Amino acid sequence: MMTGARPYDESLWRKEARTPAFAAPPFAAGQADVAIVGGGFTGLSAALHLAELGREVVLLEAADIGFGASGRNGGQVNPGLKYDLPALEAKFGTEAGSAFWRMGQEAPDFLAAMIRRLNLDCDLEENGLLRLAHNKAAMAAMWKAADALEAGGLPVRRLADRRAVEAETGTARYEAGFVDPRGRSVRPQDLASELARAAARAGVRIHCQSPVIRLNQNGKGWEVATAQGVIRAREVIVATNGYTDGLVPGLAPSLLPVNSFQIATARLDEDLSRRILPGRQTVYDSRRLILYFRKTSDNRVMIGGRASFSSSRKAGGRSPDYSRIERVLHGIFPQLAGLPVEMRWAGLVCITRDFLPHYHVPAPGLHVVTGYNGRGVALANRAGAWIARHLCQAPDTVAMPVVPITPVPFHRWREPLLNIAMKGQYLLDLAGR
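In this text the structure is predicted, and so the values were computed from the model without any measurement.

Calculation notes
Residues numbered from 1 in each chain as written. Predicted model: local features only at pLDDT ≥ 70, side-chain atom pairs only at ≥ 80, totals over all residues. Heavy atoms only, no water. Pairing = 2+ DSSP bridges. Helix = DSSP H or I, 4+ residues; strand = E, 2+ residues; numbered from the N terminus. Axes fitted to C-alpha atoms, helices over the stretch in contact; angles between N-to-C directions. Contact = heavy atoms within 4.5 Å. Polar contact = N/O pair within 3.5 Å; in protein donor to acceptor, adjacent residues only side chain to side chain. Expected span 1.5 Å × (residues − 1). Phe/Tyr/Trp six-rings, centres within 6.5 Å; stacked < 30°, edge-to-face > 60°. Buried < 20%, exposed > 50% of the residue type's maximum accessible area, 1.4 Å probe, protein only. pLDDT = per-residue confidence, 0-100. Salt bridge = Lys/Arg side-chain N within 4 Å of Asp/Glu carboxyl O. Parallel < 35°, antiparallel > 145°, perpendicular 65-115°, else oblique. Left-handed = near helix turned anticlockwise from the far one by under 90°. Nonpolar A, V, L, I, M, F, W, Y, C, P; charged D, E, K, R; others polar.

Colleague: I keep staring at the sheet that holds strand β4 (residues 129-133) and nothing clicks. Help me out?
Modeller: Pairing between the strands of a sheet is mediated by backbone hydrogen bonds and can be parallel or antiparallel. What the 8 strands build is an open sheet, ordered β5-β6-β4-β13-β14-β15-β12-β16; its pairing is mixed. In the strand order of this sheet, the two ends are held by β5 (157-159) and β16 (341-352), each with one partner. Pairs of neighbouring strands in the sheet enclose a mean axial angle of 20 degrees, with direction left out of account. As judged from the 5 bridges shared by β4 and strand β6 (residues 176-180), these two strands associate in the antiparallel manner. Bridge pairing links Leu132 to Gly177 in β6. Helix-sheet contacts for helix α6 (residues 139-151) involve β4, β5 and β6, and the interaxial angle to β6 is about 25 degrees.

Pasting the structure below:
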């Protein structure tokens with residue numbers, strides 16, 4: 001069942017939200033064309049677009065809007081999937097693979113256009129994405145990616161050496177890099193709250209603190225049971241991502257929820273702000289252990305990544321995982337060593353076995369969209385719009401292939417096994433391989 005959620009450490013985005021939290025009405029049993037389980041970006045985007053297509057929609061969220069990854073991520077709006085076009089066409093076929101690839105490529109532009117169309121107040125910045133090589137061994141893969149983007153007509157800007165990277169970022173830590181102009185950033189909690197309000201204005205009934213405890217197929221439709229009552233719907237979308245439990249049989253063992261640990265500094269003074277990320281691009285580097293950072297519009301440096309493969313929701317603000325992230329921060333920006341870290345928080349990222357988003361149809365009328373592997377701000381919003389159009393048989397330029405629910409081997413022992421693997425990846429990063 002979808003259980004009620006235990007709070008984590010408060011995120012920067014919730015503490016300093018610029019828009020009010022979404023105020024959901026009390027639960028009321030009833031009927032709908034589509035019931036959606038999960039009030040993150042996937043569920044909210046699906047709900048909004050279904051309502052705009054004339055469907056009656058109820059959305060049920062176990063906690064509050066933005067509680068999960070959608071409200072506590074790094075706010076990076078990044079393009080792409082894990083694999084390039086040839087690999088996706090080889091895996092899914094030419095037509096399905098190319099449509100899936102387009103989803104990743106189009107996602108940031110789609111989200112930015114939706115934010116402007118709906119006038120969502122979420123501090124959208126369109127400054128580009130910096131991809132950086134942390135050692136010489138990583139440069140070949142990075143230049144290959146830049147070549148592919150340029151071959152597709154995208155005007156990337158190359159930073160050919162350490163000096164060029166330092167001028168752009170304020171750190172001499174990286175060998176080279178390039179700027180992908182499609183990168184954006186948002187304040188994710190504000191985006192989630194604003195998206196919920198837009199969906200509600202479009203007619204979606206949103207109920208928070210309403211964990212779903214059971215799904216029952218009933219004739220041609222579904223009964224979606226909560227402790228407060230039942231919603232009857234023709235179709236159901238499950239959009240619980242890293243917070244998935246046993247509601248859909250077999251789904252949780254097919255996913256790897258892991259914490260992404262994040263910290264934010266105090267505000268930079270004028271001199272530091274001029275030198276560190278003066279263009280305020282979002283950044284991720286080539287390490288095997290994912291690392292991303294940005295400077296916020298109020299001049300904090302925010303950095304996050306995998307300090308461990310814990311999936312605990314009880315990570316305290318002084319956890320060793322945060323200390324590791326702080327050491328990485330000071331390794332990249334030694335000039336920040338004396339600046340206090342004011343916020344520490346974590347949230348669950350949903351990793352899949354093949355590192356791709358998944359669309360499952362485990363029963364007629366039951367749809368699962370999940371698994372963004374750290375790229376969910378753009379992808380989840382695009383996937384939500386796609387599933388809405390798919391259910392309404394409306395045309396779209398992208399698609400997700402249907403895949404079976406497949407368990408991850410040794411799922412029960414995932415945390416210790418993944419942490420052993422993480423240590424190996426860390427040593428490879430240190431060795432420059």
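Colleague: In this structure, what is going on with the side chain of Asp123? I would like to understand it.
Modeller: Within the secondary structure, Asp123 is located in the loop between α5 (94-118) and β4. Among the polar contacts listed, one links the side chain of Asp123 to the side chain of Ser297, at a separation of 2.5 Å.

Colleague: Even after reading the chapter, I still don't get helix α11 (residues 376-391), so can you show me in this structure?
Modeller: In an α-helix, one turn spans 3.6 residues, which is why side chains three or four residues apart end up on the same side. Compared with an ideal rise of 1.5 Å per residue, which puts 16 residues at 22 Å, α11 spans 21 Å between its outermost C-alpha atoms and is within 8% of the ideal. Where α11 terminates, the next one or two residues include Gln393, which has phi positive at roughly 55 degrees.

Colleague: Explain the packing of aromatic side chains here, please?
Modeller: Any two aromatic rings considered together are summarised by their centre-to-centre distance and by the angle between their planes. Scanning the model with the defined rule gives 6 aromatic pairs in all. Taking the centre distance of 6.2 Å and the plane angle of 80 degrees together, the rings of Trp13 and Trp345 count as edge-to-face. Within this pair, whereas Trp13 is found in helix α1 (residues 12-15), its partner Trp345 is found in strand β16, the two being separated by 332 residues in sequence. Here the two residues Trp13 and Trp345 agree in accessibility, since each one is buried. Ring geometry for Phe261 versus Tyr322: centroids 5.4 Å apart, planes at 85 degrees, classification edge-to-face.

Colleague: It is not clear to me how the confidence of the model for the protein chain should be interpreted in this structure. Could you clarify?
Modeller: In this model, the protein chain carries an average pLDDT of 90, and 89% of its residues clear a pLDDT of 70 or more. Below pLDDT 50 for its whole length, residues 1-7 participates in 25 contacts with residues either more than four positions away or in separate chains.

Colleague: What is the right way to read the side chain of Ser260 from this model?
Modeller: Mapped onto the elements of the fold, Ser260 is located in strand β12 (residues 255-265). At 2.5 Å, the side chain of Ser260 forms a polar contact with the side chain of Tyr292. Not counting residues within four places of it along the chain, the set of residues in contact with Ser260 comprises Tyr292, Gly305, Arg306, Trp345, Ala346, Gly347 and Val349.

Colleague: Can you walk me through the pattern of salt bridges in this structure?
Modeller: Close approach of charged atoms allows side chains of opposite charge to pair. Here the structure, examined in full by the defined rule, presents 30 salt bridges. Among the ionic pairs, Asp298 bridges to Arg300, the shortest N-O distance being 3.6 Å. The partner of Glu326 in a salt bridge is Arg344, with the nearest N and O atoms 3.0 Å apart. With Glu326 in helix α10 (residues 320-332) and Arg344 in strand β16, the pair connects residues that are 18 residues apart, well separated along the chain. We classify Glu326 as buried; its relative accessible area is 18%. When salt bridges that share partners are traced, they join Glu16, Arg267, Asp298, Arg300 and Glu342 into one network.

Colleague: I would appreciate a short explanation of the pairing of β16 in the present structure.
Modeller: Taken residue by residue, a regular strand's side chains alternate between the two faces of the sheet. In terms of burial, β16 is largely enclosed, as 11 of its 12 residues are buried. The pairing of β12 with β16 spans 11 bridges and is antiparallel. When the bridges of β16 are listed, Ser260 appears paired with Gly347.

Colleague: Which parts of the structure should I look at to understand the environment of Ser210?
Modeller: Tracing the sequence through the fold places Ser210 in the loop between β8 (205-207) and β9 (212-218). Given a relative accessible area of 1%, Ser210 falls into the buried group. Sequence separation between Ser210 and Phe27 is 183 residues, and the spatial gap between their C-alpha atoms is 7.3 Å. The residues contacting Ser210, other than those within four sequence positions of it, are Phe27, Leu60, Glu61, Ala62, Thr226 and Gln228. Here the side chain of Ser210 touches Cys208 through a polar contact of 2.9 Å, landing on its backbone oxygen.

Colleague: In this structure, what is going on with the packing of helix α2 (residues 41-52) against α5? I would like to understand it.
Modeller: Two numbers describe how α2 lies on α5: the axes approach to 14 Å, and their chain directions differ by 60 degrees. In terms of their interaxial angle, α2 and α5 are classed as oblique. For α2 against α5, the interelement crossing comes out left-handed. Residues Leu48, His49 and Glu52 of α2 touch α5, and the partners they reach there are Phe110, Met114, Arg117 and Leu118. Looking at the contact of α2 with α5 residue by residue, the classes come out as 4 nonpolar, 1 polar and 2 charged.

Colleague: Teacher, can you tell me more about the environment of Gly71 here?
Modeller: The residue Gly71 is located in helix α3 (residues 69-72) in this model. The buried category is assigned to Gly71, whose relative accessible area is 0%. Sequence separation of Gly71 and Val377 is 306 residues, and the distance between their C-alpha atoms is 9.6 Å. Contacts of Gly71, omitting those with residues within four sequence positions, involve Ser11, Trp13, Gly66, Pro188 and Gln189.

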